[in-house]
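# Structure at a glance
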Amino acid sequence: MSRIKAVLAAARAGGRKALIPYICAGDPTPTITVPLMHALVATGSDIIEVGVPFSDPMADGPVIQRASERALKFGMGLGVVLEMVAEFRKTNDATPVVLMGYANPIERMGIDVFAARAKAAGVDGVLVVDYPPEECEAFAALMKGNGLDPIFLLAPTSTDARIDAVARAASGYIYYVSLKGVTGSAALDTSEVARRIPLIKSRANIPVGVGFGIRDAATAKAIAAIADAVVIGSRIIEEMERSPGAEIENVKAFMAGIRAAIDEVAV
Amino acid sequence: MKPNDLPETYNFPDAQGHFGPYGGIFVSETLMHALEELKSAYEHYQKDPAFIAEFESELKHYVGRPSPVYHCKRLSDMLGGAQIYLKREDLNHTGAHKVNNTMGQALLARRMGKPRVIAETGAGQHGVATATMAARFGLECVVYMGSEDIKRQVQNVYRMKLLGATVVPVESGSKTLKDALNEAMRDWVTNVENTFYIIGTVAGPHPYPMMVRDFNSVVGKECLWQMPEMIQRQPDAVLACVGGGSNAMGIFYPYIPYPEVRLIGVEAGGSGIASGKHAASLSAGTPGVLHGNRTYLLQDENGQIIETHSISAGLDYPGVGPEHAWLKDIGRAEYVAINDDEALAAFHKLCRIEGIIPALESSHALAHAMKMAPAMGKDKVLLVNLSGRGDKDMHTVAEKSGLTL
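Residues numbered from 1 in each chain as written. Chains lettered and ligands numbered in written order. Predicted model: local features only at pLDDT ≥ 70, side-chain atom pairs only at ≥ 80, totals over all residues. Heavy atoms only, no water.

To continue, consider the sheet that holds strand 1 (residues 18-24) of chain A. Residue and element names in this part refer to chain A. Spatially, nine strands are ordered 5-4-3-2-1-9-8-7-6 in an open sheet, and the strand pairing comes out parallel. What marks the edges here is a single partner per strand, and that holds for strand 5 (149-150) and strand 6 (152-154). Packed on one face of the sheet, helix 2 (residues 33-42) meets strand 1, strand 2 (48-51) and strand 3 (97-101) and runs near 165 degrees to strand 1. Most of the contacts of helix 9 (residues 190-203) go to strand 8 (residues 208-211), to which it runs at about 150 degrees, and overall it touches strand 6, strand 7 (174-177) and strand 8. (Pairing = 2+ DSSP bridges. Helix = DSSP H or I, 4+ residues; strand = E, 2+ residues; numbered from the N terminus. Contact = heavy atoms within 4.5 Å. Axes fitted to C-alpha atoms, helices over the stretch in contact; angles between N-to-C directions.)

In C-alpha cells form, the structure reads like this:
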C-alpha cells in the first residue's frame with residue numbers, strides 16, 4: 001500500500017480528517033522549504049503538497065503566482081524540487097509528499113526520467129494540473145508502475161462522465177476544486193460542496209480532498225465535516241508573506257489553529 | 001504519415017484535437033466542461049447553413065471581404081526575379097486578418113447565449129478586433145493585456161476603450177502576451193457560465209486551434225480562386241508570418257492539398273537566432289506543453305518559458321499553433337526566421353515602392369519573399385499574406401529611425 005493510501009486509511013480508522021497543506025518549493029527562499037515541510041508535519045499535517053514553480057501557472061490565483069515568481073528568481077526547477085524531497089526523506093519516512101505543478105517541466109525532464117527520479121527521491125503522488133486523464137494515459141500508467149499515485153482534480157462543472165474518467169485514472173485521493181475559479185479565490189459555497197462530495201463518492205471509491213478557497217478555521221471545519229481531507233495553500237503562502245524572517249513560526253501557529261478546528265469534527 | 005500521402009489524407013485535428021503529437025486539451029479540470037460545451041457548439045454551428053450565411057454576410061458587408069490580391073509590379077521588377085503578389089488583409093475593417101476570427105467567435109458567442117466576451121492581446125490588434133465585435137453586437141468586453149504591452153501600444157489601448165471595452169493590465173510574469181493569455185484563462189475559469197473566451201490565434205486548447213484556423217481560412221479560400229483569375233494558376237509559394245500563426249494557417253490551410261505550392265512560415269528572428277533574442281519557436285524551440293496544447297516552445301532547461309524578443313509585438317510569443325508544429329514535422333510547410341532589421345528594411349521598401357504601409361508582422365513574410373525572389377525566374381510567383389497594416393507601428397518605426405512623433 002502506498003504511503004498516501006496508508007495515511008488516509010489510518011486517518012479514517014482513527015476517526016480524524018486529513019490535513020493537506022500546499023507550499024511552493026523555493027518560496028520565499030530555497031533554504032526554507034525543507035524545514036517548513038518538517039514544521040508542517042509537526043503541526044499535524046498528514047500529507048504535504050509541494051508546488052513545482054512554473055513560469056506560466058494558468059490555474060493559479062495571484063498568491064501562488066507570486067510564490068512561483070519568488071521561487072523562480074532562485075532558478076528553482078523540477079530537479080531541485082526532487083532534491084528537496086530527498087532531503088526531507090532523510091529524517092521523515094512517514095509523511096507522504098505530493099508534487100503539484102504543470103506538465104511542461106515534467107515533459108522537459110522526460111516522463112521516464114521523472115518517474116525514476118521521483119520514486120528515488122521519495123515522492124508519493126503527482127498532481128499535474130494541466131494533465132486531464134485523456135491526455136496522460138501513459139504518464140498515469142508510468143506513475144502507477146513506479147508506485148506513485150497519480151492525483152487528479154474534479155471541479156463543480158465536472159459531469160458524471162468526467163467523474164468516471166477521473167475515478168478510473170486516479171489513485172491516492174481525488175482533489176475536488178471547491179469553486180469555479182483559481183487557487184486562493186474568496187467565496188466558498190460549502191453547501192454546494194456538501195452536495196457534490198456524495199455524488200463523487202458514489203462514483204469513485206477513493207478518498208476526496210477539498211481545496212481552493214479554504215481560508216480559515218471556520219471554512220476548514222466546514223469542509224472537514226463533509227470531505228476526507230482539507231487542502232489549504234494560498235493562505236499558508238499569505239501567512240509567510242506577512243511575516244518575513246519568521247515564516248515558519250507564523251505558519252506553525254496558523255496551521256495549529258486549522259488542525260484544531262478540523263479535529264473538532266467528530267467522524 | 002509520410003509527406004507524400006498528404007493531399008488525400010490530411011484530415012487534422014482528430015476528435016480530441018491532436019495534430020499528430022501536438023495540440024490536444026492540456027487544461028485544468030476546471031476548464032474541461034467549458035471546452036466540451038464550446039466544442040459541441042462549434043461542431044453544430046459550423047454545419048448550420050444559417051450560421052454560415054450570417055458569417056459570410058458579415059464578412060462581406062462589415063469586414064469588406066473579399067480582400068484583393070495585388071501584384072507588386074515595381075517591387076518585383078526591382079528585385080529582378082519572381083513576381084510578388086500580396087493578399088491584402090490589411091484592407092479589412094480593423095486593419096488585419098484578426099477580424100475574420102473574432103467575427104466567427106462573436107457570432108458563436110451570441111448563439112451560445114454568452115453576453116460577455118474576453119480576450120487576450122499583445123500588440124492590441126486582436127483586442128481591438130474583439131472590442132469591435134463586442135460593440136457591433138452589444139456584448140460586454142474585457143481585454144487582458146500585459147502592462148509592458150500597454151505602455152508600448154497606447155493607441156490601441158485607447159481604441160479599445162473608445163469601442164467600450166475594459167482593458168485590464170496584467171502584472172504577472174513577463175507582463176506580455178503569454179501572461180495576458182494566462183489571465184484571460186483565469187477569468188474564463190471563474191466566469192465560465194456567462195463568458196465566451198475569444199482566443200486570437202491558432203493556439204490554446206482544442207477546439208481553438210481548429211476553430212480559429214477555420215474562421216481565418218477564408219483568406220486562403222479566396223486566394224484559390226483569385227490567383228487563377230490573375231495568373232491562370234496557383235502561386236509557386238505562399239508566405240506568411242508566424243507568431244501564434246493564425247494568418248499563416250488561414251492562408252496555408254486551403255493550400256495543403258496543392259503539393260506544388262510551397263508553404264513558407266516566417267518567424268520573428270529578433271536580433272538573430274544565435275543571439276537568443278528572438279521569437280522563433282519552430283526554428284529554435286523544442287516541444288512542450290503551454291496554454292492548453294503541446295507544441296514547439298521557447299523554454300529553458302527546467303521547462304520554464306523564456307522571454308521572447310521581436311520588433312513586432314504580434315510575433316512576440318514563445319509558442320506557436322500546434323498545427324504549424326505538425327506541418328513542420330511532416331514537411332508540408334517550411335519555417336524560416338527573419339530578423340528585426342530585415343523586416344524593417346522590407347517595411348520601408350514596400351512604403352516607398354508600392355505605397356503600402358505594412359504591419360511589422362507582415363513585413364517579416366515580405367522580407368523573406370524579397371530574399372527569395374531574385375534567385376527565381378521571372379515567371380515564378382510568390383504570394384505573401386499581407387496580414388495587417390502598419391498604422392499601429394508608426395511609433396516603433398519612428399523610434400528605430402531615431403525620431404519621436
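The next point concerns the environment of leucine 181 of chain B. Residues and elements named next belong to chain B. Following the sequence through the fold, leucine 181 ends up in helix 9 (residues 177-190). Judged by relative accessible area, which is 3%, leucine 181 ranks as buried. In this structure, the C-alpha to C-alpha distance between leucine 181 and valine 143, residues 38 residues apart in sequence, is 10.0 Å. In this view, leucine 181 contacts Glu120, Tyr197, His291 and Tyr317; residues no more than four positions away in its chain are not counted. (Buried < 20%, exposed > 50% of the residue type's maximum accessible area, 1.4 Å probe, protein only.)

The next subject is empty space enclosed by the protein. This model, assessed by the stated rule, comprises eight cavities of 30 Å³ or more. Looking at the largest cavity, its volume works out to about 400 Å³. In terms of lining, the largest cavity is formed by 33 residues, of which the most central are His97, Lys98, Gly314, Leu315 and Glu361 of chain B. Looking at the lining of the largest cavity, the elements that each hand over two or more residues are strand 5 (116-121), helix 6 (125-137), helix 9, strand 9 (237-242), helix 12 (246-252) and helix 16 (360-372) of chain B. Taken as a whole, the second largest cavity holds about 230 Å³ of empty space. In terms of lining residues, the second largest cavity is bounded by 27 residues, among which Tyr22, Ile64, Thr183, Gly233 and Ser234 of chain A are the most central. Looking at the lining of the second largest cavity, the elements that each hand over two or more residues are strand 1, helix 3 (62-72), strand 3, strand 9 (229-232) and helix 11 (234-241) of chain A. (1 Å grid on protein atoms, 1.4 Å probe; cavity = no way out; pocket = protein on both sides within 12 Å on 5 of 7 lines; lining within 4 Å. Points joined across faces, edges and corners; volume = space filled by probe spheres on them.)

Let us look at the pairing of strand 14 (residues 381-386) of chain B. Residues and elements named next belong to chain B. Of all six residues in strand 14, six are buried, a share of seventy percent or more. Of the two faces of strand 14, the one lined by Val381, Leu383 and Asn385 and the one lined by Leu382, Val384 and Leu386 are each fully buried. Both strand 4 (residues 83-88) and strand 14 contribute to a ladder of six bridges, which runs parallel. Residue leucine 86 lies in a different strand from strand 14, and its bridge partner there is valine 384. When strand 9 meets strand 14, the two strands line up parallel, connected through three bridges. Bridge pairing in strand 14 links valine 238 to leucine 383.

Right, let's talk about the pattern of salt bridges for a bit. Under the criterion given, the structure shown has 49 salt bridges over all chains. Put simply, Arg215, Arg235, Glu238, Glu239 and Arg242 of chain A are held in one network by salt bridges that share partners. (Salt bridge = Lys/Arg side-chain N within 4 Å of Asp/Glu carboxyl O.)

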